[in-house]
Structure formats: C-alpha cells, structure tokens
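Descriptive structure summary
Residues per chain are reported as follows:
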Amino acid sequence: MGGAEMVLPKEYGYVALVLVLYCFLNLWMASQVGKARKKYKVPYPTLYASESENKDAKLFNCVQRGHQNSLEMMPMFFMLMMLGGLKHPLICGGLGLVYTVTRFFYFKGYATGDPQKRLTIGKYGFLALLGLMVFTISFGATLLL
C-alpha cells in the first residue's frame with residue numbers, strides 16, 4: 001500500500017505562529033468575559049444573562065457572544081489553516097493573520113453592547129475564511145490529481 005509522504009515547508013512556521021496568536025486572542029477574550037461577569041454580576045455557570053433578572057444582561061451577553069462566536073468558528077479556522085497551509089503556507093499565514101486581527105475587532109465591536117458594531121471591521125474576517133477555503137481546496141485537489 002503506497003502512502004503520501006510529506007515534509008512540511010519551512011514557511012509552515014507562519015501557519016503555526018498565527019494559530020498560536022489566535023490562541024492568545026482566545027485567552028484574552030475569555031478574560032474579558034470573566035471581567036464582564038464580575039462587572040455585570042453574572043455568576044457561573046450562567047452562560048447568558050436574563051434580561052428579566054439583570055438590567056445589564058444585553059451588555060454581558062454581547063461580550064459573551066463575541067467570545068462564543070469566536071469559539072464556534074475556531075475549529076473551521078484551524079482546520080483550514082493547517083490543511084491549506086501545507087501547500088500555501090505564506091498565503092494561508094497571511095489570511096490567518098487577517099482573520100485573527102478581524103476577530104479582535106469583531107469582539108471589541110460586539111462588546112460595546114451594539115451587535116452591529118461587530119461587523120465594522122469584523123466582517124472582513126469572513127473574506128479571509130473564504131480565501132482559506134479556496135487554498136484548502138487547492139491543496140485537496142493537488143492530492144487527487
């Protein structure tokens with residue numbers, strides 16, 4: 001049975017570094033949720049505050065939702081980075097950096113309490129994800145052809 005042997009390109013280091021940067025961003029967002037819990041008096045294990053019980057529920061929920069959405073997107077982002085980066089490490093590293101920076105602004109906008117502000121700069125992260133999809137498809141097609 002034949003197998004594919006692959007050596008990682010030197011530039012794959014950019015992919016790894018961007019993924020670690022995203023991990024730091026995630027930790028920072030988690031700390032912001034923790035601070036918001038104290039500020040708006042939302043105890044653990046409550047995931048979202050109830051507006052009938054907490055006048056600041058929307059403000060807390062926006063902080064929580066900004067982090068939660070980033071967690072929801074993380075598996076797809078990591079998979080696209082790791083696979084697409086095997087063939088296109090510089091491009092995927094660049095797109096991943098754009099995605100990570102836009103995620104910061106997505107979170108900051110959401111945390112204002114006005115959910116629409118998450119899209120001011122954050123919307124461009126979806127273009128970076130689309131680019132990562134294209135380069136991951138390119139990687140997959142190369143394996144098949």
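A brief report on the enclosed structure follows. Every value quoted in this text rests on a predicted model; they were computed, and no experiment measured them. (Residues numbered from 1 in each chain as written. Predicted model: local features only at pLDDT ≥ 70, side-chain atom pairs only at ≥ 80, totals over all residues. Heavy atoms only, no water.)

**Some remarks on the overall build of the protein**
Counted only if it meets this: By the criteria applied, helices consist of DSSP H or I runs no shorter than four residues and strands consist of E runs no shorter than two, each listed in order from the N terminus. Only C-alpha atoms enter the radius of gyration, while the globule expectation follows 2.2 Å times N to the 0.38, with N the number of residues. The buried label goes to any residue with under 20% of its type's maximum accessible area, the exposed label to any with over 50%, and the partly exposed label to all in between, with areas taken from a 1.4 Å probe on protein chains only. Working rule for contacts: check all heavy atoms of both residues, and any pair within 4.5 Å makes them a contact. Method for areas: the Shrake-Rupley scheme with a 1.4 Å probe, in which residue coverage is limited to the protein chains shown.
A tally of regular secondary structure across the protein gives five helices and zero strands. Relative to a compact globule of 145 residues, whose C-alpha radius of gyration would be 15 Å, the protein shows 18 Å and is clearly more extended. C-alpha extents for the protein along the principal axes are approximately 60 × 30 × 25 Å. Here the protein holds 145 residues, and the buried ones make up 41% of them. A separation threshold of at least 6 residues defines the contact pool for the protein, and within that pool the share at least 24 residues apart is 69%. Put simply, the protein shows about 8700 Å² of open surface, and 69% of that area lies on carbon and sulfur atoms.

**A few points about the side chain of Thr102**
Its location among the elements puts Thr102 in helix 3 (residues 89-110). What Thr102 contacts, discounting residues up to four positions off in sequence, is Ile121, Gly122, Tyr124 and Gly125.

**A closer look at the environment of Gln32**
Relative to the assigned elements, Gln32 resides in helix 1 (residues 12-40). Remark: the alpha-carbon pair of Gln32 and Val63, spanning 31 residues in sequence, is separated by 7.4 Å. Setting aside chain neighbours within four positions, we find Gln32 in contact with Val63 and Phe107.

**A word on the nonpolar core**
Selection rule: As used here, the term nonpolar core means buried Ala, Val, Leu, Ile, Met, Phe, Trp, Tyr and Cys residues forming a set that is joined through side-chain atoms within 4.5 Å.
Ranked by internal contacts, the top residues of the largest apolar core, which has 30 residues, are Tyr22, Phe60, Phe77, Met81, Tyr99, Leu129 and Leu132. Every element with two or more residues in this core is listed here: helix 1, helix 2 (57-87), helix 3 and helix 5 (124-144).

**Here's the deal with the side chain of Asn54**
Basically, it comes down to this: N or O atoms within 3.5 Å of each other form a polar contact, as long as, within protein, one can give a hydrogen and the other can take it, and as long as residues adjacent in sequence are counted only when both atoms are side-chain atoms.
Locating Asn54 in the fold gives a position in the loop between helix 1 and helix 2. The class of Asn54 is buried, set by a relative accessible area of 12%. In this structure the side chain of Asn54 is engaged in a polar contact, spanning 2.7 Å, whose partner is the backbone nitrogen of Asp56. Filtering out sequence-adjacent residues up to four positions away, Asn54 remains in contact with Tyr40, Lys41, Val42 and Ala49.

**A few points about the packing of helix 1 against helix 3**
To be explicit about the condition: Axes, fitted as lines to C-alpha atoms, cover a helix only where it is in contact. Angles between the N-to-C directions of the axes lie from 0 to 180 degrees. Should an angle fall under 35 degrees it is taken as roughly parallel, and over 145 as roughly antiparallel, whereas 65 to 115 is taken as roughly perpendicular and any remaining angle as oblique. Here the term charged refers only to Asp, Glu, Lys and Arg, the term nonpolar to Ala, Val, Leu, Ile, Met, Phe, Trp, Tyr, Cys and Pro, and the term polar to all other amino acids, Gly among them.
Put simply, helix 1 and helix 3 touch, their axes get as near as 8 Å, and they point 10° apart. By the angle class used here, helix 1 and helix 3 are roughly parallel. Here helix 1 contributes Tyr12, Tyr14, Val15, Val18, Leu21, Tyr22, Leu25, Trp28, Met29 and Gln32 to the contact with helix 3, which in turn contributes Pro89, Leu90, Gly93, Gly96, Leu97, Tyr99, Thr100, Arg103, Phe104, Phe107 and Lys108. Split by residue class, the contact of helix 1 with helix 3 holds 15 nonpolar, four polar and two charged.

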